[in-house]
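Observations on chain architecture
Residue strings, one per chain:
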Amino acid sequence: MPINLNAPLAWEHANSDEIAMLKDLQGNILKGHGRNYTQNLFFTLDAQKPQEGRGFLRVLAQSVKSAYQQLLDAKAYRMSRQDAGVFVSVVLSAAGYKALGIADDKVPADPAFRSGLKQRKDILSDPEIDDWDPGFQDEIHGMILVGGANEAQVREVHTKIQQQKPASVRIIGTEYGLAMRNINGDGIEHFGYVDGRSQPLMLQEDIEREKTEKDGIDIWDPTFPLKQVLVSCPGGASADLSFGSYFVFRKLEQNVKGFKDREEEIAEQLGLKGDDEELAGAMIVGRFEDGTPVVLQREDGLIKPVRNNFDFRNDSGGNKCPFHGHIRKTNPRGDSTALGATLEQERSHIMARRGITYGTRNAEIDAEGKIIELKDKPVGGVGLLFMAYQSNFENQFEFTQVSWANNPNFVQPSTGIDPVIGQGAGSLTPQQQPVDWGSTTKKPIDFHGFVTMKGGEYFFSPCISFLKSL
Ligand code: HEM
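Only a predicted model underlies this, so the values are computations on that prediction, with no experimental measurement involved.

What follows is about the overall build of the chain. Looking only at helices and strands, one finds 15 helices and 16 strands in the chain. The C-alpha radius of gyration of the chain comes to 22 Å, within 12% of the 23 Å expected for a compact globule of 470 residues. Over its C-alpha atoms, taken along the principal directions, the chain stretches across nearly 65 × 50 × 50 Å. Out of the 470 residues in the chain, the part that is buried amounts to 48%.

Below, the structure written as structure tokens:
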């Protein structure tokens, strides 16, 4: 029976074909792997020695965690806190497929994938390639993602890969991910805000948990079909059961001092004092630092659980959550229907975000390592290893970055760009920030430039049978 890509999957009640599909699909696509320590190993292959590259990937495929195994591990962890061990996945760039000598009809077809991220620089308003970190400036053929519960676990896998690989496979760069959690146990990013709460859910079991253990799904429905992220895997063992996903990696450096200082300036400009100062930043991100959506209330505190069952219908003027707020720009939750899009079209742009923070901070922490307070304000060296899965680069990552975040006229003329990730010429248009929560009076603010793209690539996460067949 073919897999129904138009609906989510109930994996605990999967039929034999669905189980076969999950066993051939790499983990992390339908659900985040959840490890706190990661390494991204970027590698090149020697096009003159494709057999060596193929052999290396064939061996590596034995360690790759399938979606099915990941789900079994996650279930065991939930029941008995049993450590699921390391997580390994591997993705290839279009140049990587070429270096392996893969026939054109077996190379994933997405045109942006085939061009590579460097070729899309101008469309995305990305910095000049000379300004990227050196490891990203040259051709990249693939990336191995290793995740673990601690640094030693991850380092051990890295060492093993270094020992096993032929000389023609070169590790040209490593990025170290280190998750941060606030005192409530929620993941945060370096500006101090809860991140990763809102995700498209493609597993029925996750949707049920959202309904019963979180704040419900009747206003914002996080249910998404498998086709949001899955596409057929060329070269896989089965035309019906082998799937892969397009994967974008971008190293995004964060200037924490710049961002935090500007938040304070804006609070002052708007006359927000004491606890109210928090409102300035909440209107920039769309959530307070603890994750409370600013559209729901004027102060933080909606944390058990962090809310995600909301939209912006009760704020059609952008007076509570401004139209420029990062979460409103990157998921308008129906706003763009006013421009003639259907909700289904709008939702087709959503991708599965799987980023992790990098860099260390000076912080007050509790006995479990949860962050009570971030003490320092670095200007660089910290940020987000942004990663996301999708079925179409142009319609998902690129649409979000270009047509929403970088576009000063989305969702209304003179909205301004996304103050967190917006870049390009549109940054000349100031954002209009309400002077207080719910106020129709707005003041122009100029908020951009605190996140800098330092390099990345477009990849494809192939099915495991493809890797084993190399
Ligand atoms: C350093 C860079 C970034 C920072 C600091 C950041 C921060 C955040 C935070 C704090 C949230 C709220 C938590 C949540 O709702 O899950 C969020 C949500 C989100 N971000 Fe980002 N983000 C960054 C980069 C990006 C990029 C590059 C994109 C896409 C092009 C993106 C797309 C999204 C989306 C789609 C959501 C969920 C919105 C929703 O469904 O309500 N973010 N981000």
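Resuming the write-up.
Turning to helix H8 (residues 151-164), a few remarks are in order. With 14 residues, H8 should reach 20 Å at 1.5 Å per residue; the first-to-last C-alpha distance of 20 Å fits that figure. Those residues of H8 that fall on the buried side of the exposure criterion are Val-154, Val-157 and Ile-161. Here the buried residues of H8 occupy an arc of 60° about the axis, which is enough to place them on one side. Across from the buried face of H8, at angles greater than 90 degrees, the exposed residues are Ala-152, Thr-159, Lys-160, Gln-162 and Gln-163. Where H8 is buried, its residues contact strand E1 (37-44), strand E2 (87-92) and strand E3 (142-148).

Another aspect to go through is the pairing of strand E8 (residues 243-254). Within E8, 12 of the 12 residues are buried, which leaves the element mostly enclosed by the surrounding structure. Neither face of E8 is left uncovered, since the one carrying Phe-243, Ser-245, Phe-247, Phe-249, Lys-251 and Glu-253 and the one carrying Gly-244, Tyr-246, Val-248, Arg-250, Leu-252 and Gln-254 both have all their residues buried. Bridge count for strand E7 (residues 231-232) against E8 is two bridges, and the pairing is antiparallel. Across the sheet, the residue bridging to Val-231 is Gly-244, located in E8. Direction of pairing for E8 relative to strand E16 (residues 451-461): antiparallel, over a ladder of nine bridges. Bridge pairing links Tyr-246 to Phe-460 in E16. Pairing analysis gives eight bridges linking E8 to strand E13 (residues 383-390), with the strands arranged antiparallel. Bridging across to E13, Phe-247 finds its partner in Tyr-389.

Here the focus is the site of the ligand. Surrounding the ligand, one finds 27 residues, the nearest of these being Tyr-193, Ser-198, Thr-330, Asn-331 and Leu-384. Of all elements in the fold, only E8, helix H12 (326-330), E13 and helix H14 (397-405) reach the threshold of two or more residues within the shell around the ligand. It is H14 that contributes the most residues to the shell around the ligand, four residues altogether. Of the residues contributing to the shell around the ligand, the split by class is 13 nonpolar, nine polar and five charged.

Quick look at the nonpolar core now. The biggest cluster of nonpolar side chains holds 110 residues, and the ones touching the most others in it are Ile-144 and Phe-247. Once residues lying within four places of it in the same chain are set aside, the contact partners of Phe-247 are Val-91, Met-387, Tyr-389, Phe-459, Phe-460 and Ser-461.

What helix H1 (residues 16-24) keeps buried is the set Met-21, Leu-22 and Asp-24. In an axial view of H1, the angular spread of the buried residues amounts to 165°, which keeps them on one side of the axis. Buried residues belonging to H1 abut helix H3 (67-80), E8 and helix H15 (464-469).

The next subject is the environment of Ala-179. Topologically, Ala-179 is positioned in the loop between strand E4 (170-178) and strand E5 (180-181). In the structure, Ala-179 is positioned 164 residues away from Asn-15 in sequence and 35 Å away in space, judged by C-alpha atoms.

A few words on unusual backbone geometry. The peptide bond linking Lys-304 to Pro-305 adopts the cis configuration, its omega dihedral lying at 5°. With a phi close to 80°, Asn-28 is a non-glycine residue in the positive phi region. When you line up the elements, Asn-28 lands in the loop between H1 and E1. At Arg-333, a residue that is not glycine, the phi angle is positive and equals roughly 45°. Relative to the helices and strands, Arg-333 is located in the loop between H12 and helix H13 (343-347). The buried category is assigned to Arg-333, around which 21 C-beta atoms lie within 10 Å.

Counting through the fold element by element, Leu-230 comes out in the loop between helix H9 (204-212) and E7. Among the residues examined, Leu-230 registers 24 C-beta atoms within 10 Å and is labelled buried. Excluding residues that lie within four positions of it along the chain, Leu-230 makes contacts with Leu-5, Phe-243, Ser-245 and Ser-391.

Below, the discussion takes up the packing of helix H10 (residues 256-270) against helix H11 (residues 278-285). Helix packing for two helices is described by the angle between their axes and how far apart those axes are. Packing of H10 against H11 brings their axes to within 8 Å, and their N-to-C directions diverge by 115°. The pairing of H10 with H11 is recorded here as roughly perpendicular in orientation. Crossing hand, H10 versus H11: right-handed. Judged by residue contacts, Glu-263, Ile-266, Ala-267 and Leu-270 of H10 engage Ala-280, Gly-281 and Ile-284 from H11. In the contact of H10 with H11, the residues fall into five nonpolar, one polar and one charged.

Parameters at a glance
Residues numbered from 1 in each chain as written. Predicted model: local features only at pLDDT ≥ 70, side-chain atom pairs only at ≥ 80, totals over all residues. Helix = DSSP H or I, 4+ residues; strand = E, 2+ residues; numbered from the N terminus. Rg over C-alpha atoms; globule rule 2.2 N^0.38 Å. Buried ≥ 20, exposed ≤ 12 C-beta atoms within 10 Å, placed from the backbone. Expected span 1.5 Å × (residues − 1). Arc of directions from axis to C-beta. Contact = placed C-beta atoms within 7 Å. Pairing = 2+ DSSP bridges. Near = placed C-beta within 6 Å. Nonpolar A, V, L, I, M, F, W, Y, C, P; charged D, E, K, R; others polar. Core = buried A, V, L, I, M, F, W, Y, C linked by C-beta atoms within 7 Å. Axes fitted to C-alpha atoms, helices over the stretch in contact; angles between N-to-C directions. Parallel < 35°, antiparallel > 145°, perpendicular 65-115°, else oblique. Left-handed = near helix turned anticlockwise from the far one by under 90°.

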